[in-house]
Amino acid sequence: MSDQGPLYLGFDLSTQQLKAIVVNSDLKTIAQSKVDFDADFFKYGIQKGVHVRSSTGEVYAPVAMWMESLDLVLDRLSREMPVPMSRIRGVSGSGQQHGSVYWNDGADDILKGLDADKTLVDQLAGALAHEWSPNWQDQSTQKECDAFDAELGDREKLAEVTGSGAHHRFTGTQIMRMRRIRPEVYAQASRISLVSSWLASVLLGSIAPLDISDVCGMNLWDMQNQQYSPELLALAAGKDGAEELRKKLGEPQMDGGTPFGKISPYFVKKYAFSPECQIVPFTGDNPATILALPLRPLDAIVSLGTSTTFLMNTPTYKPDGSYHFFNHPTTQGHYMFMLCYKNGGLAREKVRDELPKPTDGKTGWETFNKAVLDTPPLDITKDSDKAKLGLYFYLRETVPNIRAGTWRYTCDANGTNLQESQQEWSNETDARIIVESQALSMRLRSQKLVHSPRDQLPAQPRRIYLVGGGSLNPAIARVMGDVLGGADGVYKLDVGGSACALGGAYKAVWALERKDGETFDEVIGRRWKEEGSIEKVDAGFKDGTYQTYGRVLGAFEDLEKKILAEEK
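Remember, predicted model here, so these are calculated numbers, not experimental data.

Draft legend 1. Fine view of the side chain of Arg432. Along the polypeptide, Arg432 turns up in helix H16 (residues 427–446). The exposure class assigned to Arg432 is buried, which follows from its relative accessible area of 3%. Apart from the residues within four sequence positions on either side, Arg432 is in contact with Val372, Thr375, Pro376, Pro377, Val479, Asp482 and Tyr549.

Below you can see the structure in the form of structure tokens.
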């Protein structure tokens, strides 16, 4: 570390780990450290970072564990790496979205008076009105979700205002339930932080404002007017409690690049941070992901893990009750569009396991891939063939909200004459159709957000980046390009296992090195190097094939609507 330039620190407080990553001005990673909650803090009795109360659907984490983790990860970073902590100019990061921390009225004084000779947990445990933080996996708020969906008229109206329909994990429903079942906690809470702003508060030494992107994961923020919704505040807090809840939450920081202030003296004395080090707004883990690329308008990320997530940076606000819009964490007037599917890798694995057992040393995935690539798009081999469409839900899906089950349908190649298939399909056909089905759902829900990336091309993403375990699969990459397009190709993206922390570090770089008016894309885009991070894995848009899928998109939507109607 002979270079003496400034460094930037990014955190990611996820469900199971606290990660820290240090980069320099050129975005080169200098050092990393992490704490694994189950391994390092098994004394809390957690599993995969949380406690689960199955009888109520509650999922929650001990806030004290996070306090201990912050001391431990910084100790490892400063002593074991070691990192010249005095060169760290700015700190930002991310936290698991939707979780909340309840401070008591002594929190401000305790934060301001932290003693570097003592641990965080010994001091900050006394600053909490509630020792637990509801986790994003929590499912205890169905009653509150029903109330939120109904408050403004229906679920679609709620999504129009807040960017999302009501969800169990969203902070507004969690606050409403807290007030109902633990009124003493709600009454004692002088401030309520999100996980991201809680971590920023500890580092700052005072209660930090909420982030302009993370605040959108609450079902309380009016996206079009960029303010809290008075009606939804009153719903969560009670008819006469809207103003009180507004004060508990505080007004969010509207500019994601304006620092909150200098780091707490606790960290200066204990870990040798510079007293001039600035704390930059922390954001949610999903917004931080799109900063780690950085993702440009018309680019899309498809995360192919156990679940599947589709992310886009877009200037277009077209809300719907089945997906999410958040304010972009760094670019005012832009939004982060997000789809979350439960049936991702697990569903593909189920179909894979139905295929004939592999021979000659091949793996199950090699057999799956061959079946996908040997089957033509929609299993159409000649003009008279019907197009095959299917839904493969081994878990109840959220997008759309359909029960577990498998449905196989056919339609004409132009999308007409949709009907349930009268013939059995081979398992090999299922392999192709399940991947197409997942991609068609993404295309259906993002079609209003894309436009032509250049002359004479149909509307589609500019680039598609694949992340997660499925990004290594060439057959899945091929189908994603066939269905979603991607005028400049489909790419496998690898920014290591610390994307959210990396996004936070980049955010700190932008905040403290931007010149007047410079956007995140301008500052980070100039410095971000594709080499070593991305690999082109498919051509993307294929003229003719892309249009073939476009012709059956309406039929696919009708298939979903048909199954949804049966739900009711």
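Draft legend 2. Just the sheet that holds strand E18 (residues 335–341), in detail. The strand order across the open sheet formed by seven strands is E17-E18-E16-E15-E22-E23-E24, and the pairing between neighbours is mixed. Among the strands making up the open sheet, the edge pair consists of strand E17 (324–327) and strand E24 (534–538). Strand-to-strand twist across the sheet, computed as the mean angle between neighbouring axes with direction ignored, equals 25°. Here strand E15 (residues 299–304) runs beside strand E22 (residues 463–467); their pairing, made up of five bridges, is parallel. Along E22, the bridge assignment pairs Ile301 with Tyr465.

Draft legend 3. Spotlight on the UniProt feature "domain: Carbohydrate kinase FGGY N-terminal" (unreviewed entry) in the protein chain. The sites that UniProt annotates as "domain: Carbohydrate kinase FGGY N-terminal" (unreviewed entry) are residues 136–237. Secondary structure over residues 136–237 splits into 52% helix and 8% strand, and the C-alpha atoms at its two ends are 20 Å apart.

Draft legend 4. Quick peek at the packing of aromatic side chains. According to the stated counting rule, one finds 18 aromatic pairs in the structure shown. Relative to Phe325, the ring of Tyr317 has its centre 5.2 Å away and its plane inclined at 65°; by these criteria the two rings are edge-to-face. For the pair shown, Tyr317 and Phe325 are each scored as buried. The structure contains a cluster of three or more aromatic residues connected by ring pairs, namely Phe310, Tyr317, Tyr323, Phe325, Tyr335 and Phe337. Taking the ring centre of Tyr186 as reference, the NZ or CZ of Lys248 above it sits at 4.6 Å. One Lys or Arg, Arg514, reaches over the ring of Trp510 and ends 4.5 Å from the middle of that ring.

Draft legend 5. The arrangement of the domain arrangement of the protein chain in detail. According to the domain assignment, the protein chain consists of domain 1 (7–287), domain 2 (296–344 + 460–538) and domain 3 (355–447 + 544–566). The centre of domain 1, based on its C-alpha atoms, is set 23 Å off from the matching centre of domain 2. Domain 1 puts 56 residues into the contact, and the matching count from domain 2 is 35 residues. For the pair domain 1 and domain 2, the summed buried area comes to about 3,300 Å², and 58% of that belongs to carbon and sulfur atoms. On the surface where domain 1 and domain 2 come into contact, there are one salt bridge. We note a salt bridge from Arg514 to Asp255, for which the minimum N-O separation is 3.1 Å. Counting every contact that joins domain 1 to domain 2 gives 21 residue pairs in polar contact (both at pLDDT 80 or more). For the side of domain 1 that touches domain 2, the secondary structure elements donating two or more residues are strand E1 (7–13), strand E2 (17–24), strand E3 (29–36), strand E6 (88–95), helix H6 (155–162) and helix H13 (285–291). Partitioned by chemical class, the residues of the side of domain 1 that touches domain 2 number 19 nonpolar, 26 polar and eleven charged.

Draft legend 6. Representation of the environment of Val23 in the model. Relative to the helices and strands, Val23 resides in strand E2. Along the backbone, Val23 and Ala505 are 482 residues apart, and their C-alpha atoms lie at a distance of 6.7 Å.

Draft legend 7. Expanded view of unusual backbone geometry. Here the bond from Met81 into Pro82 is cis, since omega is -20°, no more than 30 degrees from zero. When you line up the elements, Pro82 lands in the loop between helix H2 (63–80) and E6. With omega at -5°, the peptide bond leading from Val399 into Pro400 counts as cis. Mapped onto the elements of the fold, Pro400 is located in the loop between strand E19 (387–393) and strand E20 (405–411). Positive phi, close to 55°, is recorded for Asp360, a residue that is not glycine. Following the sequence through the fold, Asp360 ends up in the loop between helix H14 (345–353) and helix H15 (364–374). Positive phi outside glycine occurs at Gln456, with the angle close to 70°. In this structure, Gln456 sits in the loop between H16 and E22.

Draft legend 8. Main features of helix H7 (residues 171–181). Taking burial as the measure, the eleven residues of H7 include eight buried ones, the bulk of the element. Every buried residue of H7 is accounted for by Thr171, Gly172, Thr173, Gln174, Ile175, Met176, Arg177 and Met178.

Draft legend 9. Spatial organisation of the UniProt feature "domain: Carbohydrate kinase FGGY C-terminal" (unreviewed entry) in the protein chain. Within the UniProt annotation, "domain: Carbohydrate kinase FGGY C-terminal" (unreviewed entry) is assigned to residues 301–512. Within residues 301–512, the helical portion is 31% and the strand portion 22%, while the C-alpha atoms at the span's ends are 27 Å from each other.

Draft legend 10. Quick peek at the sheet that holds strand E4 (residues 51–53). With antiparallel pairing, three strands are arranged side by side in an open sheet as E4-E5-E8. Unpaired on one side and paired on the other, E4 and strand E8 (132–134) mark the two borders of the sheet. Along the sheet, successive strands turn relative to each other by an average axial angle of 35°, direction set aside.

Draft legend 11. Structural detail: the pairing of strand E16 (residues 308–314). Among the seven residues of E16, seven are classified as buried, and the element is accordingly described as predominantly covered. Side chains of E16 alternate between two faces, with Thr308, Phe310, Met312 and Thr314 and Thr309, Leu311 and Asn313 buried alike. In this sheet, E16 lies alongside E15 in antiparallel orientation, the contact comprising five bridges. Residue pairing in the sheet places Ser303 in a bridge with Thr309 of E16. Connecting E15 to the next strand, E16, in antiparallel fashion are three residues. As paired strands, E16 and E18 are joined by seven bridges and run antiparallel to one another. Looking across to E18, one finds that Asn313 is bridged to Met336.

Draft legend 12. Spatial organisation of the pattern of salt bridges. A full pass over the atoms with the stated rule returns 37 salt bridges. The shortest N-O distance in the salt bridge between Arg432 and Glu436 comes to 2.8 Å. Remark: Glu436 and Arg432 occur in helix H16; sequence separation between them is four residues, near one turn of the helix. The residues Arg432 and Glu436 share a single accessibility class, namely buried. Close ionic contact of Glu560 with Arg445 constitutes a salt bridge, the shortest N to O distance being 2.6 Å.

Draft legend 13. Main features of the environment of Tyr102. In this fold, Tyr102 is placed in strand E7 (residues 100–103). Its relative accessible area of 0% is what places Tyr102 among the buried residues. For the pair Tyr102 and Lys386, spaced 284 residues apart in sequence, the C-alpha to C-alpha distance is 57 Å. Beyond its immediate sequence surroundings of up to four residues, Tyr102 is in contact with Ala127, Leu128, Ala129, His130, Gln174, Ile175, Met178, Val185, Ala189, Arg191 and Ile192.

So, how was this worked out
Residues numbered from 1 in each chain as written. Predicted model: local features only at pLDDT ≥ 70, side-chain atom pairs only at ≥ 80, totals over all residues. Heavy atoms only, no water. Helix = DSSP H or I, 4+ residues; strand = E, 2+ residues; numbered from the N terminus. Buried < 20%, exposed > 50% of the residue type's maximum accessible area, 1.4 Å probe, protein only. Contact = heavy atoms within 4.5 Å. Pairing = 2+ DSSP bridges. Axes fitted to C-alpha atoms, helices over the stretch in contact; angles between N-to-C directions. UniProt positions renumbered as here; feature names shortened; annotations may be inferred. Phe/Tyr/Trp six-rings, centres within 6.5 Å; stacked < 30°, edge-to-face > 60°. Lys NZ or Arg CZ within 6 Å of the ring centre and 35° of its normal. Domains from an automatic or database assignment. Buried area = accessible area lost by both parts, 1.4 Å probe. Salt bridge = Lys/Arg side-chain N within 4 Å of Asp/Glu carboxyl O. Polar contact = N/O pair within 3.5 Å; in protein donor to acceptor, adjacent residues only side chain to side chain. Nonpolar A, V, L, I, M, F, W, Y, C, P; charged D, E, K, R; others polar.

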